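# Chains, contacts and geometry: an overview
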Amino acid sequence: MENWVLVEKIVVVLGCLYLSWKIIRYIWSFSNIEKQPIKVLVTGAAGQIGYALVPMIARGAMLGPDQPVILHMLDIEPAAEALKGVKMELIDAAFPLLEGVVATTDVVEACKGVNIAVMVGGFPRKEGMERKDVMSKNVSIYKAQASALEQHAAPDCKVLVVANPANTNALILKAFAPSIPEKNITCLIRLDHNRALGQISERLNVHVGDVKNVIIWGNHSSTQYPDVNHATVNTSSGQKSARELVADDQWLNTEFITTVQQRGAAIIKARKQSSALSAASSACDHIRDWVLGTPKGTWVSMGVYSDGSYGIQPGLIYSFPVTCEKGEWSIVQGLRIDEFSKAKMDATAKELMEEKALAYSFLN
Ligand SMILES: NC(=O)C1=CN([C@@H]2O[C@H](COP(=O)(O)OP(=O)(O)OC[C@H]3O[C@@H](n4cnc5c(N)ncnc54)[C@H](O)[C@@H]3O)[C@@H](O)[C@H]2O)C=CC1
Ligand SMILES: O=C([O-])CC(=O)C(=O)O
């Protein structure tokens, strides 16, 4: 009898060991599966942002250090030779994650099967110009490229519009690509968000990684509203309110806001060309957080299709604080908005409504 009990016990233990071994092998087999490459389109790839952006993508800064990518680069005929040169450099750099490069001036070939589209192509702002001034040139480009994306990109393609006027170009792209889900069309405000983090970190002499949850509301233009009311800073004695640590409401309500609003113009004045490395890096941040998720307790600013949150007219592409999970963004709800903030949020929404009307006037 005792022998049988012993045998039974041994059989159970062996069974458990076998099952555990099977489970470990199963998990192991998954971790060893090569990830399928993701196709990333960059339009305007021969331009200065494109030149900074494509190596970042090929190094894994956008989709992670173990995610292979195939780059699709589009530019126009006059830039075809330069584009060829960019492709040659990508090959020469021997990026381990880069599984292929398509360099073309054919919009259909460029859009074919892409999972992510970073729309940088367009006419950049020069010194003395407002972003609105480049509108007539860029909205017609975005109308045409919307159709190409709609017909040839992967059905779940995520779109990030960088070219100015970024919010309105994204709105035009959405209007002329009605079958792309509205949640998949966004514009770049992350650069302004990062600029705001940078200003607070400089002011407090803390590392930028310790500052979080600033918000940029509205348009990627000089009417945007950089808001620090909910921002926090990690300190040795815990998380503190950025406003309390700065302890200078006058600076926060004036110079901080205008510095962030005007940073693009300040870079153009200094470099005689608009921001490129910071724009490229912020575009990687935008897509990375969208696809891989925002860290717990952290939000970022993204230009997204307004659902009426915070009283902003539905149907504008407006920058809100968002968190991202499983490839989906959601607007952070329930933040307390004071009168000062509300007025600034409405002013930038008003500018977007005017831009929308102007854009459509060029298209008619
Ligand atoms: N949202 C943001 O935070 C920022 C937006 N920008 C905007 O990004 C855009 C690009 O800036 P840069 O790279 O500095 O300009 P760039 O002039 O150096 O490059 C633009 C590229 O787009 C190409 N292009 C023009 N029309 C095209 C079309 N129909 N299809 C494909 N490519 C086309 C040009 O040939 C050029 O190679 C500009 O509109 C600029 O204002 C710039 C910085 C920040
Ligand atoms: O100001 C520009 O035209 C370029 C840009 O969007 C920025 O640097 O924020």
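The shown structure was predicted, so the numbers you read here are calculated from the model rather than taken from an experiment.

Another aspect to go through is the overall build of the protein chain. When helices and strands are counted, the protein chain shows 13 helices and 14 strands. Taken along its principal axes, the extent of the C-alpha atoms in the protein chain is 95 × 55 × 35 Å. When each of the 364 residues of the protein chain is scored for burial, the buried share is 48%. Total accessible area on the protein chain stands at roughly 17800 Å², and carbon and sulfur atoms take up 57% of it. Charge separation in the protein chain, taken as the distance between the mean sites of 36 positive and 37 negative side-chain charges, equals 0 Å.

Take the site of ligand 2 next. Neighbouring residues of ligand 2: 9 residues in total, closest R125, N164, R195, H220 and S275. The contact in question runs from an oxygen atom of ligand 2 to an N or O atom on the side chain of R195, over 2.8 Å. Computed on the free molecule, ligand 2 has an accessible area of 260 Å², of which 93% lies beneath the protein chains in the complex. Split into classes, the residues belonging to the shell around ligand 2 amount to 1 nonpolar, 5 polar and 3 charged.

A separate point is the confidence of the model for the protein chain. Predicted confidence across the protein chain gives a mean pLDDT of 93, with 95% of residues reaching 70 or more. Across the protein chain, the element-wise mean pLDDT spans from 66 in helix α1 (residues 2-32) up to 99 in strand β8 (residues 215-217). Here the predicted complex scores 0.92 on pTM and 0.99 on ipTM.

Let us look at the UniProt feature "binding site: NAD(+)" (unreviewed entry) in the protein chain. Summarizing the sequence annotation, UniProt attributes the feature "binding site: NAD(+)" (unreviewed entry) to G44, A45, A46, G47, Q48, I49, G50, D75, N138, V162, A163 and N164 in the numbering used throughout. One can find D75 in the loop between β2 (69-74) and α3 (80-92). Residue classification places D75 among the buried residues on the basis of a relative accessible area of 12%. Those residues in contact with D75 that sit more than four places away from it in its chain are G44, A45, A46, G47, L83, T104 and T105.

Contact pair helix α2 (residues 48-58) / α3: the axes reach a minimum separation of 11 Å and the direction vectors enclose 25 degrees. The orientation of α2 with respect to α3, classified from their angle, is roughly parallel. Seen from above, α2 lies across α3 with right-handed handedness. From α2, Y51, V54 and P55 reach across to α3, where they touch V86, E89 and L90. Counted by class, the contact of α2 with α3 contains 5 nonpolar, no polar and 1 charged residues.

This part covers the pairing of β2. With respect to burial, β2 is a largely interior element, 6 of its 6 residues being buried. Of the two faces of β2, the one holding V69, L71 and M73 and the one holding I70, H72 and L74 are both buried throughout. Following the chain from strand β1 (residues 38-43) across α2 to the adjacent parallel β2, one finds a crossover that is right-handed. Judged from the 6 bridges that link them, β2 and strand β3 (residues 98-104) form a sheet pairing that is parallel.

Surrounding ligand 1, one finds 26 residues, the nearest of these being Q48, D75, Q145, V162 and N164. Q48 places a side-chain nitrogen or oxygen 2.8 Å from an oxygen atom of ligand 1. In the model, an oxygen atom of ligand 1 is placed 3.0 Å from a nitrogen or oxygen of the I49 main chain. In the complex, the protein chains occlude 88% of the 850 Å² of accessible area that ligand 1 would expose alone.

Moving on: the UniProt feature "active site" (unreviewed entry) in the protein chain. Those places that UniProt annotates as "active site" (unreviewed entry) correspond, in this numbering, to H220. Along the chain, H220 falls in the loop between β8 and β9 (225-227).

What follows concerns the side chain of T186. Topologically, T186 is positioned in strand β6 (residues 185-187). By relative accessible area, which is 0% here, T186 ends up buried. A polar contact of 3.0 Å, which involves the side chain of T186, links it to the side chain of H286. If near-sequence neighbours (up to four positions away) are discounted, T186 is found in contact with V159, L160, V161, A170, H286, W290, M302, G303, V304 and W329.

Cut-offs and rules
Residues numbered from 1 in each chain as written. Chains lettered and ligands numbered in written order. Predicted model: local features only at pLDDT ≥ 70, side-chain atom pairs only at ≥ 80, totals over all residues. Heavy atoms only, no water. Helix = DSSP H or I, 4+ residues; strand = E, 2+ residues; numbered from the N terminus. Buried < 20%, exposed > 50% of the residue type's maximum accessible area, 1.4 Å probe, protein only. Areas by Shrake-Rupley, 256 points an atom, 1.4 Å probe, with all protein chains shown as cover. Lys, Arg positive; Asp, Glu negative; His and termini not counted. Charge placed at Lys NZ, Arg CZ, Asp CG, Glu CD. Near = heavy atom within 4 Å. Polar contact = N/O pair within 3.5 Å; in protein donor to acceptor, adjacent residues only side chain to side chain. Nonpolar A, V, L, I, M, F, W, Y, C, P; charged D, E, K, R; others polar. pLDDT = per-residue confidence, 0-100. UniProt positions renumbered as here; feature names shortened; annotations may be inferred. Contact = heavy atoms within 4.5 Å. Axes fitted to C-alpha atoms, helices over the stretch in contact; angles between N-to-C directions. Parallel < 35°, antiparallel > 145°, perpendicular 65-115°, else oblique. Left-handed = near helix turned anticlockwise from the far one by under 90°. Right-handed = clockwise from strand over helix to strand, strands pointing away. Pairing = 2+ DSSP bridges.

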